[in-house]
Amino acid sequence: MQLTVFFQATGGLALFLLAMGMMTDGLKTFAGSGLKRLLSQWTHTPLRGLASGIMVTGLVQSSSAVTVATIGFVNAGMLTLAQAIAVVFGANVGTTITSWLVALVGSGFKISALALPILTVGVVLRIAGSGRRWAHLGEALAGFGLFFLGLDLLKESLGGFAGGFSDTVAEGETYHWAMYLVIGFAITLLTQSSSATLAIVLTAAGTGVISLEAGAAGVIGASLGTTSTAAVAVLNATSNARRLALSHILFNLVAGSVALLVLPLLLWVAGLMADWLDMEGSPAILLAAFHTLFKLLGVAMLLPLVPWLSRRLERFFRSSEEDISRPRYLDNTLASAPELATEALGRELARMQQLVAGLVHVSLTREGMTEAASKRQTSAVHELYLAVAGFAARARTERLSPEVVEQLSVAVRTGRYLDEMAEQIGSAVRLRHNRRALPETTARLLLDQYLQMVGQLLGPEPHPDASREQAGEIYQKLKAEVLRSMVNREVSQEIGQQVLDDLSDLRRMLDQGLKARAMLEHQGRTGNSSAEE
């Protein structure tokens, strides 16, 4: 008997987890870009970000999926960290919809009677719409049907457990709430799903296996359990992913701690909510209401602090790219002082030039440099250029002399040259990777010479014997040799054309780099002359 109940319970849980996965995957694919547009366009304020997080999580039934999408938008620059934190808070509230679905199944509503019809419609759509969006909707509906079947199976097994072990249950109800908190945490850790834990806890409370207070502690434990999965998931993730995970952990720790402190009060308010819904007799409904209330309590405490919290979190987990993109010498207070503004711009541009020169040197000499890494570095340099241009634009031009206005214009132009120079770093990396495909004759030797000459001209310490004219001569010989190799079929058309395109980019990088260096040297001489006067 006990073994049968155990397998019935674990089977119901397995069916529930399968159903949640099908619902999430199907709805995400069916909704397509609609969810992405909602997250990217309707998050301009913390309140709207909260609402977006609630809506999207309620639709796809997965806070993890919403968090992953949000991280992608932050990394792409489509969302600020503050907007993303609000979405994560909303995703935490959105997970309470699962609690309400579970509660409705166990509270006398005959929704579970629709399980087989929903499952049938889902399977028909899945088969008939193979390869189309409707097939994914069918997958979601089939998951919805299995969701109810799994809950029914779990409910029956736990009901049998309550009936067969009433004495043990009565004794178990005297256990401290901390035990149920740990159980909720452990189940979430094992199943990697707070929804599965909520299904177990609410069903157990609805069938009388545990008391209402124990169920409330289990619900809080399930929420705390999601913090461990979030922490593990971002161990090797990006800085923004770690910051969002930390905001998620902070939200659940704060909300859970306060909920434990005012547990009787929240259960009383949950009872009032159940009375209003005319469902006061269902422990599962009370726990669903409690779950929603304690998440909303966390929102009420932390949502007003989102701007402050985002600024604090930006100090953690800083990547090398973020250190590059953050200006070191520019400050908004200097924009109103012309002399200080131009001096700060000069120092920042000199730093930017050294950074780009270092990136060029690495791209031309380091074997392990990848295109993906070069793109991240290039993006960081571009962010720094935007900061330089924005700082120059904020200067009060109506109070500046024509000479200072010209200096600001030259500074922006210099920054643009450096930015365009950095954009070609990926081409340098590809050239080094493609050099092995060139014939081991003149072409490869000339390419090595050209890369060395560009590195000597643009590196952190320019070589005195290298000249632009020499680089131009090698470039023309190399280009002719690559074309000859393509005609003789010594190299494929695809590789040859890629090499030629990258050579053109490298030549542009050399031109822009030399212009930027000449401008910086001129500005340095001008600044020194002004100081001497």
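See above for the structure.
Residues numbered from 1 in each chain as written. Predicted model: local features only at pLDDT ≥ 70, side-chain atom pairs only at ≥ 80, totals over all residues. Heavy atoms only, no water.

J.: Account for unusual backbone geometry, naming residues and giving values.
T.: The backbone of arginine 489 sits at a positive phi, close to 60°, despite the residue not being glycine. For arginine 489, the position within the fold is in the loop between α23 (468-487) and α24 (493-532). The class of arginine 489 is exposed, set by a relative accessible area of 78%. (Helix = DSSP H or I, 4+ residues; strand = E, 2+ residues; numbered from the N terminus. Buried < 20%, exposed > 50% of the residue type's maximum accessible area, 1.4 Å probe, protein only.)

J.: So, the environment of proline 304: which residues are in play, and what are the values?
T.: Turning to its location among the elements, proline 304 is positioned in the loop between α15 (283-302) and α16 (306-313). Through-space distance from the C-alpha of proline 304 to that of proline 46 is 8.2 Å; in sequence the pair is 258 residues apart.

J.: So, the pattern of salt bridges: which residues are in play, and what are the values?
T.: Taken as a whole and judged by the stated rule, the model has eight salt bridges. Residues arginine 416 and glutamate 420 are paired through a salt bridge, measuring 3.3 Å at the closest nitrogen-oxygen approach. Taken as a pair, arginine 416 and glutamate 420 lie in helix α20 (residues 402-423) at a separation of four residues, close to a single helical turn. Residue classification places arginine 416 among the partly exposed residues on the basis of a relative accessible area of 43%. Since its relative accessible area comes to 11%, glutamate 420 is described here as buried. (Salt bridge = Lys/Arg side-chain N within 4 Å of Asp/Glu carboxyl O.)

J.: Before we move on, can you summarise α23 with the specific residues and values?
T.: Here α23 contains 20 residues, and its C-alpha end-to-end distance of 29 Å stays within 8% of the 28 Å for a straight helix at 1.5 Å per residue. Among the residues making up α23, those that are buried are Ala471, Ile474, Tyr475, Leu478, Glu481, Val482, Ser485 and Met486. Projected down its long axis, α23 shows its buried positions confined to an angular sector of 140°, all on one face. More than 90 degrees from the buried face of α23, the exposed residues found are Glu469, Glu473, Lys477 and Val487. In the segment just after α23, arginine 489 is the residue with positive phi, at about 60°. (Expected span 1.5 Å × (residues − 1). Arc of directions from axis to C-beta.)

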